[in-house]
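Coordinates in review
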Amino acid sequence: EFKATFGEDSDRFTQQQPGEIFLSDRCSQILSTMALQMLIAPPAGVVSDYYVTGKAFEVFSMVLAEQSERASKHTIYQQTGLPSHEIERAHHARDILLTSLQCPPSLSELAKGVGLSTSRLRLVFRVVFGETITVFLRKARLDAAKVEIEASGFSVSQAARAYGFSVAHFST
């Protein structure tokens, strides 16, 4: 059904030739999950058609966001003069933080993981994202805790503990 939805263009998601769509590993993993969801869609009929169409829009929005992020990186490079590899490393650091919100690495582990010194990572991250690593991480953890409370029925205390907040200082 994925091929039926995207037609001949569905093959472009796996090609990585110049001028073709390039997707990050994070985006590719999410797309794989979506493709699987589309394959196990409800039985044929109107509901299935809407479900697959909705997933197709979800895939399109993800690809669009990925391409927008790549354009943003180029703009940051032009505006700041930071080397493009450092901008990529800041984005990689952000991705690491977002995938390990419940147990994030220390600053030195994060810096080592992306190949920058701690001081350089702090500077580049702040320039690229407009906030410090600590502020970014706190906001991301709060957002994730909020999602857990709203979507999964976690209590405030459970969400606070899950994302490393002190229950006494975490309120609604």
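Residues numbered from 1 in each chain as written. Predicted model: local features only at pLDDT ≥ 70, side-chain atom pairs only at ≥ 80, totals over all residues. Heavy atoms only, no water.

**Details of the overall build of the chain**
Within the chain, the secondary structure is distributed over 8 helices and 0 strands. Reading the helices (α) and strands (β) of the chain from amino to carboxyl end gives α-α-α-α-α-α-α-α. Across the 172 residues that make up the chain, the buried fraction comes to 32%. As displayed, the chain has an accessible area near 10,800 Å², and 55% of this comes from carbon and sulfur atoms. (Helix = DSSP H or I, 4+ residues; strand = E, 2+ residues; numbered from the N terminus. Buried < 20%, exposed > 50% of the residue type's maximum accessible area, 1.4 Å probe, protein only. Areas by Shrake-Rupley, 256 points an atom, 1.4 Å probe, with all protein chains shown as cover.)

**A closer look at the pattern of salt bridges**
For the coordinates displayed, the defined rule picks out 3 salt bridges. The partner of Lys 139 in a salt bridge is Glu 131, with the nearest N and O atoms 2.8 Å apart. Judged by its relative accessible area of 17%, Glu 131 falls in the buried class. (Salt bridge = Lys/Arg side-chain N within 4 Å of Asp/Glu carboxyl O.)

**Re the packing of aromatic side chains**
Counted under the stated rule, the structure contains 3 aromatic pairs. Relative to Phe 129, the ring of Phe 125 lies with its centre 4.7 Å away and its plane at 50°, an arrangement referred to as tilted. Of this pair, Phe 125 and Phe 129 both sit in helix H6 (residues 118-129), 4 residues apart, which is roughly one turn of that helix. Grouping aromatic residues by their ring pairs yields a cluster made of Phe 125, Phe 129 and Phe 136. (Phe/Tyr/Trp six-rings, centres within 6.5 Å; stacked < 30°, edge-to-face > 60°.)

**Brief notes about the side chain of Asp 95**
Position of Asp 95 relative to the elements: it lies in helix H4 (residues 84-99). A polar contact is formed between the side chain of Asp 95 and the side chain of Arg 94, at a distance of 3.3 Å. (Polar contact = N/O pair within 3.5 Å; in protein donor to acceptor, adjacent residues only side chain to side chain.)

**Some points on the confidence of the model for the chain**
Taken residue by residue, the chain gives an average pLDDT of 77. The fraction at 70 or more is 71%. The weakest mean pLDDT in the chain belongs to helix H1 (residues 2-6) at 47; the strongest belongs to helix H5 (residues 107-114) at 96. (pLDDT = per-residue confidence, 0-100.)

**Some details on the packing of H4 against helix H7 (residues 133-152)**
Interaxial distance between H4 and H7 falls to 10 Å at its minimum, and their mutual angle equals 35°. Classified by chirality, the crossing of H7 by H4 is right-handed. In contact with Arg 94, Leu 97 and Leu 98 of H4, H7 contributes Ile 133, Phe 136, Leu 137 and Ala 140. (Axes fitted to C-alpha atoms, helices over the stretch in contact; angles between N-to-C directions. Left-handed = near helix turned anticlockwise from the far one by under 90°. Contact = heavy atoms within 4.5 Å.)

**Digging into H5**
Of the residues making up H5, those classed as buried are Leu 110, Ala 111 and Val 114. Here the buried residues of H5 occupy an arc of 100° about the axis, which is enough to place them on one side. Residue Gly 115 follows H5 closely and has a positive phi angle near 80°. (Arc of directions from axis to C-beta.)

**Some details on the packing of H5 against H6**
One way to put it is that H5 packs onto H6 with a least axis distance of 9 Å and a crossing angle of 85°. Overall, the two elements H5 and H6 adopt an arrangement that is roughly perpendicular. Contacts between H5 and H6 involve Leu 107, Ser 108, Leu 110, Ala 111 and Val 114 from the former and Thr 118, Leu 121 and Arg 122 from the latter. Here the residues of the contact of H5 with H6 are counted per class, giving 5 nonpolar, 2 polar and 1 charged. (Parallel < 35°, antiparallel > 145°, perpendicular 65-115°, else oblique. Nonpolar A, V, L, I, M, F, W, Y, C, P; charged D, E, K, R; others polar.)

**A word on the nonpolar core**
In terms of nonpolar packing, the biggest core is built from 19 residues, with Leu 97, Leu 101, Leu 110, Leu 121, Ile 133 and Tyr 163 touching the most fellow members. When residues no more than four places from it in sequence are discounted, the contact partners of Leu 110 are Ala 93, Ile 96, Leu 97, Pro 105, Leu 121 and Ile 133. Membership of the second largest hydrophobic core comes to 5 residues, among which are Leu 82, Ala 90, Val 124 and Val 128. (Core = buried A, V, L, I, M, F, W, Y, C linked by side-chain atoms within 4.5 Å.)

**Details of H4**
End to end, H4 covers 23 Å across 16 residues, agreeing with the expected 22 Å (1.5 Å per residue, within 8%). Along H4, the positions that sit buried rather than exposed are Glu 86, Ile 87, Ala 90, His 91, Ala 93, Arg 94, Asp 95 and Leu 97. (Expected span 1.5 Å × (residues − 1).)

**Things to note about the side chain of Glu 131**
The topology assignment puts Glu 131 in the loop between H6 and H7. Within the structure, Glu 131 has its side chain in polar contact with the side chain of Lys 139 (distance 2.8 Å).

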